[in-house]
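Inside the fold
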Amino acid sequence: MKKVPVPKVVTTLEATESPLPPQVQEALGELVGAAREGLLALSVGVGLGVVHELMALEVDEVVGPKGKWNPDRSAKRHGHEHGSMTLGGRRVQVSRPRMRTADDESELPLATYEYFADRDPLTRAVMDRMLAGVSTRKFAGVGEPVGTDVEQASASTAKTAVSDMFIERTRTALSDLMSRRLEDVRLAVMMLDGIEIADRTHVVALGITTEGVKIPLGLWEGSTENATLARVLLADLVDRGLDPEQAILFVIDGGKALRRAIRDVFGEHALVHRCHRHKERNVTDLLPERDRPVIRARMRAAWALSDPELARQRLQLLASELKRSWPDAAASLREGMEDTLTLMRLGIGGQLAKTLCSTNPCESMIEIVRYTQRNVKRWHDGDMRKRWTAAGMLVAEQQFRRIIGYRHLAKLVIAIERHTVHAAPKSPDRQEIAEPVTV
């Protein structure tokens, strides 16, 4: 029997064994080396290759294909030069193509390179890492692994360079915070509190809009939390567009200087509420340890009432009892007692009252500021203190949520407006009938 020849079957593997172009093989070899250092290093290698291709394509679009004569061209190639771009918290060296006009009068910009060469991502990374507690010496060590070759050619990770970028970024943060325009901001509440930094006092202001959104308003530095400092603070807010005629409730820690400054800037009838937590601490710190829980519970029980007159009677009774054994604690309780009942007189209760009865929202922001400053060992000057505080306040702003009970802020605003109308002096020929506040 005659054998029938069997045709050779060409497998897929054999069909794909044709040699690759040398430049493709070289590129693949480089990527294999980068892949051994990790996926991110491989991605960086691919990304840098893509950036170079994008720059070359842009040059082709402007100048035309390389090696093809075009008598009508408006630009020409002008070689390459060293450049850098931001990558993984560092500056990476790249070879940047150049273009000039056909008459050789001026150099043309390369939009692709300018986009990737922007230093803003680097300064933002510096600020984020420094505020997270990374020192200037360790900045380079916490960067993403981008491959040995790229790492060795990187720059802007030295201690001095990182410090300079952080100063620049925080100075911008301070300027942004202190130049915010407030014409379109409708505040319902303003909280004022102080923070001590290197024997200096920063008074910070936190606004709460009628929608319940918290906004850092500014910070001012002084030797103490005095009336002049607070007055400058509030006047600056007015200069930036804040309407002093707005119905705003001021929540303060109890300092007389803040109370006086609010009256000077926002008028005699500006509503002020004293922080319950500060008042508790002021009173209980003057008592022996064994008596503090009972006195604190009685104060909170009085503030939990809905009738301001009954609450006042309870607090006055407590002050009378304390006067026998602890007169200083009694005097502290009586001082500013009326201001601790402001929310109650406005008819505000429930979750909103729990939120606004203290400066806790402002103190939460201050705690974030303190956390961002925890690794600072030496404070050099006032500018440094203000820059770090402003940066911390903006970090806190990124974490803000609307306050609990924000749906009732409209009722608070209405109650404040009614109080303002009733507290305003009446003209002799016009008498207004006061309406009860029912909120």
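Everything numeric in this text was worked out from a predicted model, so none of it was measured.

1. Let's talk about the sheet that holds strand β3 (residues 107-108)
If you trace the 3 strands from one edge of the open sheet to the other, you get β1-β2-β3, paired in antiparallel fashion. Each edge of the sheet is formed by a strand with only one pairing partner; in this case those strands are β1 (75-86) and β3. Both β1 and strand β2 (residues 91-101) contribute to a ladder of 10 bridges, which runs antiparallel. Its bridge partner being in β2, H82 is matched across the sheet by S95.

2. Considerations on the packing of aromatic side chains
By the definition in use, this model includes 3 aromatic pairs. Every member of this aromatic cluster is reached through a ring pair, and the members are F166, W379 and W388. Looking at R374, its charged tip hangs above the ring of Y371, at a distance of 3.8 Å from the centre.

3. Structural notes on the packing of helix α11 (residues 292-303) against helix α12 (residues 308-325)
Where α11 meets α12, the axes come as close as 8 Å, and the angle between the chain directions of the two elements is 160°. The orientation of α11 relative to α12 falls into the category roughly antiparallel. Here α11 and α12 pass one another in a crossing that is left-handed. When α11 is examined against α12, the residues I295, R298, M299, A302 and W303 are found in contact with a partner set consisting of A311, R314, L315, L317, L318, E321 and L322. For the contact of α11 with α12, the class distribution of residues is 9 nonpolar, no polar and 3 charged.

4. Some points on unusual backbone geometry
Although it is not a glycine, D104 adopts a positive phi angle of roughly 65°. Topologically, D104 is positioned in the loop between β2 and β3. Judged by its relative accessible area of 37%, D104 is partly exposed. Backbone geometry at A198 places phi at a positive 50°, although glycine is not the residue there. You can see A198 is positioned in the loop between β4 (187-197) and β5 (200-209).

5. Side note on helix α8 (residues 227-239)
Here α8 contains 13 residues, and its C-alpha end-to-end distance of 18 Å stays within 8% of the 18 Å for a straight helix at 1.5 Å per residue. Turning to α8, its buried residues number three or more, namely A227, L229, A230, L233, L234 and L237. Those residues of α8 that are buried are in contact with β4, β5, β6 (214-222) and α9 (256-266).

6. A short note on the side chain of T340
Note on placement: T340 falls in the loop between α13 (327-334) and α14 (342-345). Here the side chain of T340 touches M337 through a polar contact of 2.5 Å, landing on its backbone oxygen.

Scoring rules and cut-offs
Residues numbered from 1 in each chain as written. Predicted model: local features only at pLDDT ≥ 70, side-chain atom pairs only at ≥ 80, totals over all residues. Heavy atoms only, no water. Pairing = 2+ DSSP bridges. Helix = DSSP H or I, 4+ residues; strand = E, 2+ residues; numbered from the N terminus. Phe/Tyr/Trp six-rings, centres within 6.5 Å; stacked < 30°, edge-to-face > 60°. Lys NZ or Arg CZ within 6 Å of the ring centre and 35° of its normal. Axes fitted to C-alpha atoms, helices over the stretch in contact; angles between N-to-C directions. Parallel < 35°, antiparallel > 145°, perpendicular 65-115°, else oblique. Left-handed = near helix turned anticlockwise from the far one by under 90°. Contact = heavy atoms within 4.5 Å. Nonpolar A, V, L, I, M, F, W, Y, C, P; charged D, E, K, R; others polar. Buried < 20%, exposed > 50% of the residue type's maximum accessible area, 1.4 Å probe, protein only. Expected span 1.5 Å × (residues − 1). Polar contact = N/O pair within 3.5 Å; in protein donor to acceptor, adjacent residues only side chain to side chain.

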